[in-house]
Amino acid sequence: MSENAKIILDGETHEFPIVVGTENEKAIDISKLRGATGYITLDYGFKNTGSTSSAITFLDGEKGILRYRGYPIEQLAEHAEFLEVAYLVIYGELPTKPQYEKFKTDIVRHTLVHEDMKHFLEAYPRGAHPMGIAASMVCSLSTFYPESQDTNREAEAVNLTIIRLLAKLPTIAAWSHKNSLRHPFVYPQNKYSYTENFMHMMFSMPTEESTPDPIVSKALNKLLILHADHEQNCSASTVRIVGSSHANLYASVAAGVTALWGPLHGGANQAVIEMLEAIKADGGDVDKWIDKAKDKDDTFRLMGFGHRVYKNFDPRATIIKKAADDVLDALGIDDPVLDIAKKLEKVALEDEYFVKRGLYPNVDFYSGIIYRAIGIPTEMFTVMFALGRLPGWIGQWKEMRENNEPIGRPRQVYTGSNKRDYVSIEKR
Ligand code: ACO
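A.B. asks: How would you summarise the packing of helix α3 (residues 82-91) against helix α18 (residues 381-402) if you had to cite specific residues and measurements?
C.D. replies: At their nearest, the axes of α3 and α18 sit 8 Å apart, and the two run at 20° to each other. Taken together, the axes of α3 and α18 are roughly parallel relative to one another. Crossing of α3 over α18 shows right-handed handedness. Between α3 and α18, the residues in contact are Phe82, Ala86, Val89, Ile90 and Tyr91 and Leu387, Gly388, Pro391, Gly392, Ile394, Gly395 and Lys398, respectively. For the contact of α3 with α18, a count of residues per class yields eight nonpolar, three polar and one charged.

This is the structure we're talking about:
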């Protein structure tokens, strides 16, 4: 294969280097295109554009492969703990036993959020969406730790910000839920694991401690691992681009939280359950809703279906579907919404519209069913996704800064008016 790609523009041939990744992914490096030719590339939604090279996550959408730092998602979801995976994603290797013990101890030491931050929480209206709260609270952490604004500090100082974020997000998330109920906050306890602590802060009351259920904790561990990173998706790209201006990690991650919120991204898990409930309330006629999704005059889309990258299957959805069955069985829950989900999946998978477009259930199609089963309210689903995705955002930000990447600043093709002269308001 030629080492360069040739582009012919205005009769002149220009050569651009071809970059090949470790899994044989190929790219044309056009970073000198504009200087050499005056042209830019145009790619709405970055469907064909690599914004960076990264050593964190490999995914092959055609083959349904997902690996963090080379480890298959199936193995990690089956055997690892979430914090082990977080360490892997952020620092590049699975931790040794002493490294892991230190990492967990460091996190446990930082789970409290500053008491003054409780005042912010209390000021939100009842029913405030927890994603809005999570984003603002994460950003507010930067004001409590102003030294984080200097992102050129030595690695140890940056590491403390990483630990604080990992430690405090579950507390912020659980407290945003408590606050929406106007219930008292429950403080973290060092005796619990990461997932147990979160469940404790979500469901205990100061008057009664609810002991975390091991089935629930295991399911949550798996869900968080499945969400830990997904290369250059909408929220990770947001975190990288915000961080590329040398904004601090808290601010960059807060931007990631807001990017995740939308129903085309992480907000899909909430939208799936709302859709399944609407279908149930409407009498459970799955075909009618499939027709709505296919109708180009109707804005309705089958939530939890389709993916920018996976066009055959989402490997996370395969793991989650089984986990949903296991959790519901283990907890003895019979959820009619799960039956509708299965029916919908079956009909869609056999329907030419979905098959032709490569539309398959994504990770969010079944995650909401597990969250429901373990007692997480629907509005918190996307916050759960954020908890899982946090190591990915941190890892992407860290990699981008360590590689000294330039500020993210796309170009555009201008389509507005040509030059015209100002006309005073009386004459318009
Ligand atoms: N229901 C019905 N039709 C769909 C759906 C859907 N869920 N998804 C895509 N299509 C159709 C589009 O209308 C389009 O049809 P056309 O070719 O006739 O115009 C075609 O499939 C391609 O769709 P695009 O929107 O161009 O695909 P894109 O890669 O831009 O979008 C996305 C991917 C946003 C995930 C889309 O499939 C979608 O909106 N899905 C529903 C929301 C969802 O589940 N999001 C979660 C994504 S996973 C995650 O973030 C964890």
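So that's the structure; there's more coming.
A.B. asks: Can you explain the packing of helix α4 (residues 97-108) against helix α7 (residues 155-181)? Please cite residues and give values.
C.D. replies: At a minimum axis separation of 8 Å, α4 and α7 run at an interaxial angle of 65°. In terms of orientation, α4 and α7 fall into the roughly perpendicular class. The crossing of α4 and α7 is right-handed. Of α7, the residues touching α4 (which contributes Phe103, Asp106 and Ile107) are Ile163, Leu166 and Ala167. Its residues assigned to classes, the contact of α4 with α7 comprises five nonpolar, no polar and one charged.

A.B. asks: Account for the site of the ligand, naming residues and giving values.
C.D. replies: The immediate surroundings of the ligand are formed by 23 residues, with Lys296, Arg301, Leu302, Gly304 and Arg308 found nearest. Measuring from a nitrogen atom of the ligand, one finds a backbone N or O atom of leucine 302 at 2.7 Å. Among the residues making up the shell around the ligand, the classes are represented as eleven nonpolar, five polar and seven charged.

A.B. asks: Give me the lowdown on the sheet that holds strand β2 (residues 12-20), citing residues and values where you can.
C.D. replies: The sheet built from three strands is open, its strands ordered β1-β2-β3 with antiparallel pairing. Single-partner strands in this sheet number two, and they are β1 (4-9) and β3 (26-28). Taken over all neighbouring pairs, the strand axes of this sheet differ in orientation by 30° on average, direction set aside. Across three bridges, the pairing between β2 and β3 is antiparallel. From the neighbouring strand, isoleucine 18 faces β3, where its bridge partner is isoleucine 28.

A.B. asks: Outline helix α12 (residues 268-281), supporting the account with residue identities and numerical values.
C.D. replies: Since the α-helix packs 3.6 residues into each turn, any two residues three or four apart lie on the same face. Here α12 contains 14 residues, and its C-alpha end-to-end distance of 19 Å stays within 8% of the 20 Å for a straight helix at 1.5 Å per residue. Looking at α12, one finds that the buried residues are Ala268, Asn269, Gln270, Ala271, Val272, Ile273, Met275, Leu276 and Ile279. Packing partners of the buried residues in α12 comprise α13 (286-294), α15 (336-350), α17 (363-373) and α18. Two residues or fewer past α12, glycine 283 is found with a positive phi of approximately 105°.

A.B. asks: Can you lay out the environment of alanine 134 for me, pointing to particular residues and giving the numbers?
C.D. replies: With respect to the element layout, alanine 134 can be found in helix α6 (residues 130-144). A relative accessible area of 4% places alanine 134 in the buried class. Separated by 252 residues in the primary sequence, alanine 134 and alanine 386 place their C-alpha atoms 9.0 Å from one another. Those residues in contact with alanine 134 that lie beyond four places of it in its chain are Ile172 and Val257.

Cut-offs used in this document
- Residues numbered from 1 in each chain as written.
- Predicted model: local features only at pLDDT ≥ 70, side-chain atom pairs only at ≥ 80, totals over all residues.
- Heavy atoms only, no water.
- Axes fitted to C-alpha atoms, helices over the stretch in contact; angles between N-to-C directions.
- Helix = DSSP H or I, 4+ residues; strand = E, 2+ residues; numbered from the N terminus.
- Parallel < 35°, antiparallel > 145°, perpendicular 65-115°, else oblique.
- Left-handed = near helix turned anticlockwise from the far one by under 90°.
- Contact = heavy atoms within 4.5 Å.
- Nonpolar A, V, L, I, M, F, W, Y, C, P; charged D, E, K, R; others polar.
- Near = heavy atom within 4 Å.
- Polar contact = N/O pair within 3.5 Å; in protein donor to acceptor, adjacent residues only side chain to side chain.
- Pairing = 2+ DSSP bridges.
- Expected span 1.5 Å × (residues − 1).
- Buried < 20%, exposed > 50% of the residue type's maximum accessible area, 1.4 Å probe, protein only.

Just distances and angles here, no functional claims.
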